[in-house]
Amino acid sequence: MSGQRPAAPVATAGPVERRRGWTGWFDPRGRRLGGWAFALNRLTGLGLVAYLYLHLGVLFLLSQGPDGWDAFVDVALSPPILVMDVVLIFGMLLHGLNGIRVGLVGYGMVATRQGALFVGLMIIGAIVLLAATLRVFA
Amino acid sequence: MAEPQTTPTRPVRFRVHRRKAGDSGGRYDSFEVQLDEQRTVLDGLVAIRKEQDPSLTFRHSCFHASCGTCGMRVNGADVLACVTKVADLGPTVTVEPLANIPLVSDLVVDMGAFYGPFSRAGRPLLRESELVPGSQRAEGIDVLTRYEDCIECGICVSACPLTGSDPRYAGPAALCAAGRVIEEPRDADRLAALRFADGSHGVWRCHVAYECTGACPSNADPGAHIMRLRRAATADRFRRWFGVGRAAR
């Protein structure tokens, strides 16, 4: 040991890394249609993974017998949960339909028409979501 | 004698990113500049450097979107400052360097880092000339050469969300260059360009946000090139795995 104190960290004189990181995925500034599709796909993907675990938890209630399950069904039919069902359907439609776009565009099939494809699929999704919402609250 | 007409000006507030070599962090300095509605962000930066702060550093050259040197982020959008009018922006114009490329000073990024993957991609710079139908060649000009659509401004790299989170990703500019080699190899090594692109940090890392294509100021369309490369890479793998057809050359 030389007895000297370790040098304090100093800024380097060379170029410094300046990456946007994963938070840049959700930066709305300057974002275009494909960028929104990218960001929404991540958000809905995380939501669907969370739902999967929630769903497994709900299925676990079946092992608790009829009383536990019936109590859950009463909660599941309440308006706030029905609204969450619609949110779930929205996420599934957006993620699934955008997945079709990513799959088709990703293999060069409609490489220059991805924006129009996204709009078209989202129109289909909106129609299905409307029908599903009416069905959920019927 | 009639008075010369003057274009009305308005005050524009610029928030400009500052960071010099050796600084431990960045900051934003504010400047107010009188500009008329035809003026661009680059005009504003030139005025700031000339009249208010000569230490402000940024790159520019042609002033008409040909050279690609004034790529920067303006109010969060990746643009060429020379063709971005202040009249189209709000009362405050925030100017930052391109993202995802190492910063040298203020608004200047290290284009050496940007060009790094280009050489591995084959880096074509010139393409066959395309004459406008009916146009005539100037006297004394026998052969026309034309630069690629890509002006190597770095805007696509800054706009790409994946380049921002994966430092190993080759990025849209280099992959676009590789795509041009595949399409029009001339004497370049087409197979090497394809193998460069066909990797987990090549074309398969792209997540189809198409921000590169949307931001590109010269319509080079890196996104479409990446997708066509995927198709070529898939075909090449099939040939290698199943011996169907000839390998890419």
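> Can you break down helix α6 (residues 190–197) of chain B residue by residue, with the values?
Helical geometry note: an α-helix holds 3.6 residues per turn, so side chains three or four residues apart project in the same direction. Residue and element names in this part refer to chain B. Considered for burial, the residues of α6 that qualify are A193, L194, F196 and A197. Seen from one end, α6 has its buried residues packed into an arc of 160 degrees, which puts them on one side. Contacts from the buried residues of α6 go to α2 (111–121), α5 (172–183) and α8 (222–242). The residue sitting at the N-terminus of α6 and contributing the capping side-chain oxygen is D189; that oxygen lies 3.2 Å from the backbone nitrogen of L191.

> Outline the packing of helix α1 (residues 33–60) of chain A against helix α4 (residues 114–136) of chain A, listing residues and values.
Residues and elements named next belong to chain A. The contact between α1 and α4 brings their axes to 9 Å, and the two run at 55 degrees. Looking at the two axes, α1 sits oblique to α4. Read as a crossing pair, α1 and α4 show a hand that is left-handed. Of α4, the residues touching α1 (which contributes L33, G34 and A37) are Q114, G115, F118 and V119. Class assignment of the residues belonging to the contact of α1 with α4 gives a composition of four nonpolar, three polar and no charged.

> Describe the environment of Y115 of chain B, listing the residues and the values that go with them.
One can find Y115 of chain B in helix α2. Along the primary structure Y115 of chain B and E152 of chain B are separated by 37 residues, whereas in three dimensions their C-alpha atoms are 8.4 Å apart.

> A description of the interface of chain B and chain A should follow, citing residues and the corresponding values.
A common measure of how large an interface is: the accessible area buried when the components associate. Tallying the contact residues gives 46 residues for chain B and 32 residues for chain A. Across the interface of chain B and chain A, roughly 3,000 Å² is buried in total on both sides, 52% from carbon and sulfur atoms. Among the residues chain B hides against chain A, the three largest losses belong to V208, Y210 and E211 of chain B. Together they make up 16% of the total. At the boundary of chain B with chain A, the tally comes to four salt bridges. For E211 of chain B, the salt bridge is made with R32 of chain A, and the minimal N-O distance between the two is 2.8 Å. Our count for the contact surface shared by chain B and chain A stands at 16 residue pairs in polar contact (both at pLDDT 80 or more). Looking at the side of chain B that touches chain A, the elements that each hand over two or more residues are β4 (77–80), β6 (103–105), α3 (155–159), α4 (161–165), α7 (211–215) and α8 of chain B. Residue composition of the side of chain B that touches chain A, by class: 21 nonpolar, 13 polar and 12 charged.

The rules we used
- Residues numbered from 1 in each chain as written.
- Chains lettered and ligands numbered in written order.
- Predicted model: local features only at pLDDT ≥ 70, side-chain atom pairs only at ≥ 80, totals over all residues.
- Heavy atoms only, no water.
- Buried < 20%, exposed > 50% of the residue type's maximum accessible area, 1.4 Å probe, protein only.
- Helix = DSSP H or I, 4+ residues; strand = E, 2+ residues; numbered from the N terminus.
- Arc of directions from axis to C-beta.
- Contact = heavy atoms within 4.5 Å.
- Polar contact = N/O pair within 3.5 Å; in protein donor to acceptor, adjacent residues only side chain to side chain.
- Axes fitted to C-alpha atoms, helices over the stretch in contact; angles between N-to-C directions.
- Parallel < 35°, antiparallel > 145°, perpendicular 65-115°, else oblique.
- Left-handed = near helix turned anticlockwise from the far one by under 90°.
- Nonpolar A, V, L, I, M, F, W, Y, C, P; charged D, E, K, R; others polar.
- Buried area = accessible area lost by both parts, 1.4 Å probe.
- Salt bridge = Lys/Arg side-chain N within 4 Å of Asp/Glu carboxyl O.

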